[in-house]
Amino acid sequence: MPTINKNLSNLMWVERYRPLTLNEVIDQKEIVNALRQLINIPNELPHLLFAGPPGVGKTTTALCIARQLLGEEWRRDTLELNASDERGIKMVRERVKEFAAVMKLITGNRDEKPFRIIILDEADEMTSEAQTALRRIIEDSSRTTRFIIICNYLSQIIEPLQSRCVVFRFTRLAKEDLVRHLKTICEKEGAKFEEKALSQIYDATSGDLRHSINILQASAGMGSVTHANVIASRGLSGKSRVGEVIRLALAGRFTDARVKLFELTNVYGLSENDFLKYANQEAYDMKLDHPDEFAALMAEYDYRLAAGAHPEIQLAALLAQLGKLGSKASN
Ligand SMILES: Nc1ncnc2c1ncn2[C@@H]1O[C@H](COP(=O)(O)OP(=O)(O)O)[C@@H](O)[C@H]1O
Ligand SMILES: [Mg+2]
């Protein structure tokens, strides 16, 4: 990951407080205990299948296993794929092959590591043909690769794939554990909070810790974690914050604008399209010097997003363009 993205993702409390070892994983006790036993004998590790609702620690647990099994260089020997991004099994096959080839090059000594790990997230988004092909890939690469397959719905995973893995069903977190965790985060961040508001966050997310931490961070960003701020950040339109991003960009403060934009899309969950929509409304209210050029820029980036270009890169480019527009206005 480029440094700038690493720094940006560290702004997000969900990332900052993501457990690094199995010991830190909250709840999921039986799963964690069973996995601890399994990783004690690395050479006999089976393929794993994690199923369960969002935000309860599936990806986190998979990453902990990779880190604990593969040691310092775990990043190099772990491949994280998202089945829903990289449409089609062809992609998976190519990436797996590529990865295998690189592995051969860099680990001259084959015995150095027991194997590499491939984490395949959102596998239930794959068609059953793709899953059948995946099953074959798993079989062909079994000598050197362990798969950790992750899904929300076990019922969407074909039986032959299930039967090649040890299945773990993750459950929603218990209220008191989740609330306690939110409290710990508040204390570490020095954020003010009402006890009541924390349990309100649990009720709003029904045990999805990712969503809970995002609401917590958004509320804390409004001053303190109160009942009113929790409600506001749940339904946050983000409109005024979008205005701030635009103002920063026009003032030529690209990095500040980009950090705020990243917060909006990743912490508050604002979609890129909504960002453009609000930006348009805000700019109208701002009475810009070059409204026509602004409108042309908006239209161009709206088109690029609709055409499927990478949203984060496109919006960053838009901010850079706005910087140029802003400096023209002030000349
Ligand atoms: N069981 C858990 N213990 C500790 N933190 C968790 C747990 N589940 C979720 N989180 C928090 O929520 C974030 C998202 O969790 P993740 O493991 O990606 O969820 P998912 O089950 O959707 O894969 C993590 O970065 C972490 O901050
Ligand atoms: Mg996940």
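If you're wondering where the values come from, they're calculated on a predicted model, not measured in any experiment.

## Overview of the pairing of strand β2 (residues 78-82)
Right, on to step 1. Burial of β2 is extensive: four of the five residues sit out of reach of the surface.
Right, on to step 2. As defined by bridge partners, β2 adjoins strand β3 (residues 116-121) across five bridges and the pair is classed as parallel. Its bridge partner lying in β3, Thr-78 is registered against Ile-117.

## Quick notes on the packing of aromatic side chains
Right, on to step 1. In total, this model carries two aromatic pairs according to the counting rule given.
Right, on to step 2. Between Phe-50 and Phe-168 the ring centres are 6.0 Å apart and the planes differ by 80°, which places this aromatic pair in the edge-to-face class. Here Phe-50 is found in strand β1 (residues 47-51), whereas its partner Phe-168 is found in strand β5 (residues 165-169), with 118 residues between them in sequence. When sorted by exposure, Phe-50 lands in the same class as Phe-168, which is buried.
Right, on to step 3. Between the aromatic rings of Phe-50 and Phe-170, the centroid separation amounts to 5.0 Å while the plane-to-plane angle is 50°, which identifies the pairing as tilted. Here Phe-50, found in strand β1, pairs with Phe-170, found in the loop between β5 and α8 (175-189); they are 120 residues apart in sequence, far enough to count as distant.
Right, on to step 4. Taking the relative accessible area as the measure of exposure, Phe-170 reaches 3% and is therefore buried.
Right, on to step 5. Ring-pair connections join several aromatic residues into one group, and the members of that group are Phe-50, Phe-168 and Phe-170.
Right, on to step 6. Residue placement shows Arg-146 over the ring face of Phe-115; its charged tip is 4.9 Å from the ring centre.
Right, on to step 7. The ring of Tyr-278 carries Lys-277 above its face, with NZ or CZ at 5.6 Å from the centroid.

## A look at helix α3 (residues 29-40)
Right, on to step 1. Taking 1.5 Å per residue as the helical rise, α3 with its 12 residues ought to reach 16 Å, and the 17 Å between its terminal C-alpha atoms agrees with that figure.
Right, on to step 2. Along α3, the residues classified as buried are Ile-31, Val-32, Leu-35 and Ile-39. The arc that holds the buried residues of α3, viewed along the axis, is 95°, so those residues lie on one side. Residues Lys-29, Glu-30, Gln-37 and Asn-40 are exposed on α3 and point more than 90 degrees away from its buried face.
Right, on to step 3. Each element contacted by the buried residues of α3 is listed here: β1, α4 (58-70) and β5.

## Re the environment of Asn-82
Right, on to step 1. You can see Asn-82 is positioned in strand β2.
Right, on to step 2. The spatial distance from the C-alpha of Asn-82 to the C-alpha of Ile-150 is 9.4 Å, given a sequence separation of 68 residues.
Right, on to step 3. With residues near it in sequence (within four places) discarded, Asn-82 still touches Asp-121 and Glu-122.

## Examining empty space enclosed by the protein
Vacant regions in the atomic arrangement are exposed by a probe of water-molecule size rolled over the atoms.
Right, on to step 1. As enumerated under the stated definition, the model contains one cavity of 30 Å³ or more in all.
Right, on to step 2. For the largest cavity, the calculated volume is near 60 Å³.
Right, on to step 3. Within the residue set of the lining of the largest cavity, elements represented by two or more residues are α13 (254-267) and α16 (311-330).
Right, on to step 4. With four residues, the top contributor of residues to the lining of the largest cavity is α13.
Right, on to step 5. For the lining of the largest cavity, a count of residues per class yields four nonpolar, one polar and three charged.

## Overview of the side chain of Thr-59
Right, on to step 1. Among the structural elements, Thr-59 can be located in helix α4.
Right, on to step 2. A relative accessible area of 17% means that Thr-59 is categorised as buried.
Right, on to step 3. Engagement of the side chain of Thr-59 in a polar contact is seen with the side chain of Asp-121, the distance being 2.9 Å.

## A few points about the pattern of salt bridges
Right, on to step 1. Within this structure, the stated rule accounts for 15 salt bridges.
Right, on to step 2. Among the salt bridges present, the one from Glu-189 reaches Arg-16, with a minimum N-O distance of 2.7 Å. Within this pair, whereas Glu-189 is found in helix α8, its partner Arg-16 is found in helix α2 (residues 13-16), the two being separated by 173 residues in sequence.
Right, on to step 3. Accessibility expressed as a relative area gives 24% for Glu-189, which makes it partly exposed.
Right, on to step 4. Between Glu-139 and Arg-135 there is a salt bridge, with its nearest N and O atoms 3.8 Å apart. A residue pair is termed a helical-turn pair when its members lie 3 or 4 positions apart in one helix, as Glu-139 and Arg-135 do in helix α6 (residues 128-140) at four residues.
Right, on to step 5. Relative accessible area serves as the criterion here: at 23%, Arg-135 is assigned to the partly exposed category.
Right, on to step 6. Each of Glu-73, Arg-76 and Asp-77 takes part in salt bridges that share partners, so that together they form one network.

Criteria and thresholds
Residues numbered from 1 in each chain as written. Chains lettered and ligands numbered in written order. Predicted model: local features only at pLDDT ≥ 70, side-chain atom pairs only at ≥ 80, totals over all residues. Heavy atoms only, no water. Buried < 20%, exposed > 50% of the residue type's maximum accessible area, 1.4 Å probe, protein only. Helix = DSSP H or I, 4+ residues; strand = E, 2+ residues; numbered from the N terminus. Pairing = 2+ DSSP bridges. Phe/Tyr/Trp six-rings, centres within 6.5 Å; stacked < 30°, edge-to-face > 60°. Lys NZ or Arg CZ within 6 Å of the ring centre and 35° of its normal. Expected span 1.5 Å × (residues − 1). Arc of directions from axis to C-beta. Contact = heavy atoms within 4.5 Å. 1 Å grid on protein atoms, 1.4 Å probe; cavity = no way out; pocket = protein on both sides within 12 Å on 5 of 7 lines; lining within 4 Å. Points joined across faces, edges and corners; volume = space filled by probe spheres on them. Nonpolar A, V, L, I, M, F, W, Y, C, P; charged D, E, K, R; others polar. Polar contact = N/O pair within 3.5 Å; in protein donor to acceptor, adjacent residues only side chain to side chain. Salt bridge = Lys/Arg side-chain N within 4 Å of Asp/Glu carboxyl O.

Without other data, these values stay purely geometric and don't point to any function.
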